[in-house]
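Examining the three-dimensional arrangement
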Amino acid sequence: MQPPEDQPLGFWTVRAGEAIGARARGALRDIGLSQPEWWLLQQVSLDPDGVDRDATIEKIGHNSTPEAIVEAIDSAVANGWVQQTDSRLKSTSLGTDLFERAAALQQELQTERMQGNSIEDFATTIRVLQRTIDNVGGEAWHW
């Protein structure tokens, strides 16, 4: 294998994204959630008064597709995790319990990903990727 400095950044970022995503989706599936449903529950958890449906679709739709977020909303409402009143989405007690389980799982997954990596290395990696995206004229942000 070539030394790291001679290897393509794009190859490794794609492979890392694929591996991280597959691991997260599998773990979430084990507790009965899709990844878009997790994103939705996370957003709804941020405001006890609820969040605006359209703003939430706009905010997290770029993670997958807006249609996937609409499906997640419909599923969360049907499963009793979220209630919708007019355009507001608010967590139910069932949704809050599931969110807390999923949040604990996400923390376990982050701990797993961080094995052998320092916080400083992690932060440097994020900054390098953000700068690389900017250098090639891309746009990316995370809430």
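Preceding this section is the structure that the text describes.
This write-up is about the structure you can find in this document. (Residues numbered from 1 in each chain as written. Predicted model: local features only at pLDDT ≥ 70, side-chain atom pairs only at ≥ 80, totals over all residues. Heavy atoms only, no water.)

Considerations on the sheet that holds strand β2 (residues 82-85)
Reading across the sheet, the three strands line up as β1-β3-β2 and stay open at both edges, with antiparallel pairing between neighbours. Both edges of this open sheet fall to β1 (51-52) and β2, since each of them pairs with a single strand only. As defined by bridge partners, β2 adjoins strand β3 (residues 88-91) across four bridges and the pair is classed as antiparallel. Paired with Val82 across the two strands is Ser91, which belongs to β3. Its contacts with the sheet place helix α2 (residues 35-45) against β1, β2 and β3, and it is angled at close to 90 degrees to β3. (Pairing = 2+ DSSP bridges. Helix = DSSP H or I, 4+ residues; strand = E, 2+ residues; numbered from the N terminus. Contact = heavy atoms within 4.5 Å. Axes fitted to C-alpha atoms, helices over the stretch in contact; angles between N-to-C directions.)

Comments concerning the nonpolar core
Counting residues in each nonpolar core, the largest one holds 23 residues, and the members touching the most others are Leu33, Trp38, Leu40, Leu41, Trp81, Val82 and Leu89. Secondary-structure elements contributing two or more residues to this core are α1 (9-30), α2, α3 (53-60), α4 (66-78) and α5 (93-114). Apart from residues no more than four positions distant in its own chain, Leu41 is found in contact with Leu33, Trp81, Val82, Gly95, Leu98 and Phe99. (Core = buried A, V, L, I, M, F, W, Y, C linked by side-chain atoms within 4.5 Å. Buried < 20%, exposed > 50% of the residue type's maximum accessible area, 1.4 Å probe, protein only.)

Re the packing of α3 against α4
Running from N to C, α3 and α4 point in directions that differ by 135 degrees, and their axes come no closer than 8 Å. Looking at the two axes, α3 sits oblique to α4. Judged by the sense of rotation from one axis to the other, the crossing of α3 with α4 is right-handed. Residue-level contacts link Arg53, Ile57 and Ile60 of α3 to Pro66, Ile69, Val70, Ile73 and Asp74 of α4. The class makeup of the residues in the contact of α3 with α4 is six nonpolar, no polar and two charged. (Parallel < 35°, antiparallel > 145°, perpendicular 65-115°, else oblique. Left-handed = near helix turned anticlockwise from the far one by under 90°. Nonpolar A, V, L, I, M, F, W, Y, C, P; charged D, E, K, R; others polar.)

Regarding the pattern of salt bridges
Summed over the entire model, instances satisfying the criterion amount to two salt bridges. Among the salt bridges present, the one from Arg15 reaches Glu18, with a minimum N-O distance of 2.9 Å. Of the two residues, Arg15 and Glu18 both sit in helix α1, three residues apart, roughly one turn of that helix. Classification of Arg15 as partly exposed rests on a relative accessible area of 33%. Overall, the relative accessible area of 42% leaves Glu18 in the partly exposed class. For the salt bridge of Glu112 with Arg23, the shortest nitrogen-to-oxygen distance reads 2.9 Å. Of the two residues, Glu112 is situated in helix α5 and Arg23 in helix α1; the sequence distance between them amounts to 89 residues. Arg23 sits in the partly exposed class, given a relative accessible area of 41%. (Salt bridge = Lys/Arg side-chain N within 4 Å of Asp/Glu carboxyl O.)

Things to note about the side chain of Glu37
Residue placement: Glu37 occurs in helix α2. Here Glu37 sits buried without a salt bridge, and the closest side chain of opposite charge, Arg29, lies 10 Å off (N-O distance). In this view, Glu37 contacts Gly32, Ala72, Ser75 and Trp81; residues no more than four positions away in its chain are not counted. (Lys, Arg positive; Asp, Glu negative; His and termini not counted.)

What about the environment of Asn63?
As for its position among the elements, Asn63 is in the loop between α3 and α4. Relative accessible area serves as the criterion here: at 26%, Asn63 is assigned to the partly exposed category. The contact partners of Asn63, leaving out residues within four places of it in the chain, are Trp39 and Trp143.

A short note on a nonpolar patch on the surface
Judged by side-chain polarity, Met1, Phe11 and Trp12 come together as a nonpolar surface patch covering roughly 400 Å² of accessible area. Checked against the element boundaries, Met1 lands in the segment before α1. (Patch = residues over 30% accessible without salt bridge, like charges linked within 9 Å, V, L, I, M, F, W, Y side chains within 5 Å. Areas by Shrake-Rupley, 256 points an atom, 1.4 Å probe, with all protein chains shown as cover.)

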